[in-house]
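Spelled out, the chains give:
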Amino acid sequence: PPTPSAAPSAQSFASTPQLTSTTAPGKIFASRSELQQHYKSDWHRYNLKRREASLPMLNEKDFQYRLEAALALRKESEGRQERTGVDHLGKVSKIGGKKE
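Remember, it's a predicted structure, so these values are computed and weren't measured experimentally.

**Remarks on the confidence of the model for the protein chain**
Do not read the fine detail of predicted coordinates wherever pLDDT is low.
At step 1: For the protein chain, the average pLDDT comes to 81, and 67% of its residues sit at 70 or higher.
At step 2: In the model of the protein chain, helix H1 (residues 10-15) stands out as the element of lowest mean pLDDT, 56, in contrast to helix H3 (residues 42-52), which has the highest, 97.

**Some remarks on the packing of aromatic side chains**
At step 1: Applying the stated criterion across every chain, the model contains one aromatic pair.
At step 2: Here the aromatic rings of Tyr46 and Phe63 are separated by 5.5 Å at their centres, their planes lie at 50°, and the arrangement is tilted. One end of the pair, Tyr46, is in helix H3; the other, Phe63, is in helix H4 (residues 60-84), with 17 residues separating them in the sequence.

**Side note on the pattern of salt bridges**
At step 1: Under the defined criterion, the tally for this structure stands at two salt bridges.
At step 2: A salt bridge links Glu34 to Lys27; the nearest nitrogen and oxygen atoms lie 3.6 Å apart.
At step 3: Glu34 gets classed as partly exposed once you look at its relative accessible area, which sits at 29%.
At step 4: In this structure Lys27 comes out as partly exposed when scored by relative accessible area, which is 24%.
At step 5: For the salt bridge of Asp42 with Arg45, the shortest nitrogen-to-oxygen distance reads 2.7 Å. With a gap of three residues between them, Asp42 and Arg45 both fall in helix H3, about one helical turn apart.

**Some details on the side chain of Asn47**
At step 1: Within the secondary structure layout, Asn47 lies in helix H3.
At step 2: Residue classification places Asn47 among the buried residues on the basis of a relative accessible area of 0%.
At step 3: Setting aside residues up to four positions removed in sequence, Asn47 forms contacts with Thr23, Pro25, Met57 and Leu58.

**So, the side chain of Ser21**
At step 1: If you trace the backbone, Ser21 turns up in the loop between H1 and helix H2 (32-39).
At step 2: One polar contact links Ser21 to Thr23, side chain to side chain, over a distance of 2.9 Å.

About the criteria used
- Here the residue numbering is sequential within each chain, running from 1 through the sequence in written order.
- Only residues with pLDDT of at least 70 are given local features in this predicted model, and only at 80 or more are side-chain atom pairs given and counted; all residues enter the totals for whole chains, interfaces and linings.
- Excluding hydrogens and water, the side-chain figures rest on all heavy atoms present in the structure.
- As a per-residue measure, pLDDT tells how confident the predictor is, with possible values from 0 to 100.
- Secondary structure elements are taken from DSSP: a helix is a run of H or I of four residues or more, a strand is a run of E of two residues or more, and numbering for both begins at the N terminus.
- Two aromatic rings, drawn from Phe, Tyr or Trp (for Trp, its six-membered ring), form a pair once their centres lie within 6.5 Å of each other, and the interplanar angle then sorts them: stacked below 30 degrees, edge-to-face above 60, tilted otherwise.
- Salt bridge, as used here, is a side-chain nitrogen of Lys or Arg placed within 4 Å of a carboxyl oxygen of Asp or Glu.
- Burial classes: relative accessible area under 20% of the type maximum marks a residue as buried, over 50% as exposed, and values in between as partly exposed (1.4 Å probe, protein chains only).
- Any pair of residues with heavy atoms lying within 4.5 Å of one another is described as a contacting pair.
- Here a polar contact is recorded for every N or O atom pair within 3.5 Å, except that within protein the pair must consist of a potential hydrogen donor and a potential acceptor, and residues adjacent in sequence are included only if both atoms are side-chain atoms.

Printed below as a string of structure tokens:
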């Protein structure tokens with residue numbers, strides 16, 4: 001008679017539930033705690049807003065790309081405001097930091 005193998009069969013892997021989230025397309029989470037961390041992430045919140053707007057979910061790579069681009073724009077904008085002395089309302093700062 002054949003001896004039982006110590007390795008799990010392909011069938012047992014197929015029946016093991018995978019931890020996924022609709023707000024994390026293509027991602028399989030290794031543990032429940034990793035999935036819980038995802039639910040607290042900016043990526044999850046961003047994709048929830050996209051779902052509300054009937055837009056497709058972004059995978060992690062595309063989300064990181066957009067996040068980095070947005071942060072770079074913010075940094076550039078803040079640098080421009082410092083150089084010009086004009087705030088987001090178009091008010092010019094006086095010397096000493098007081099606005100008109």
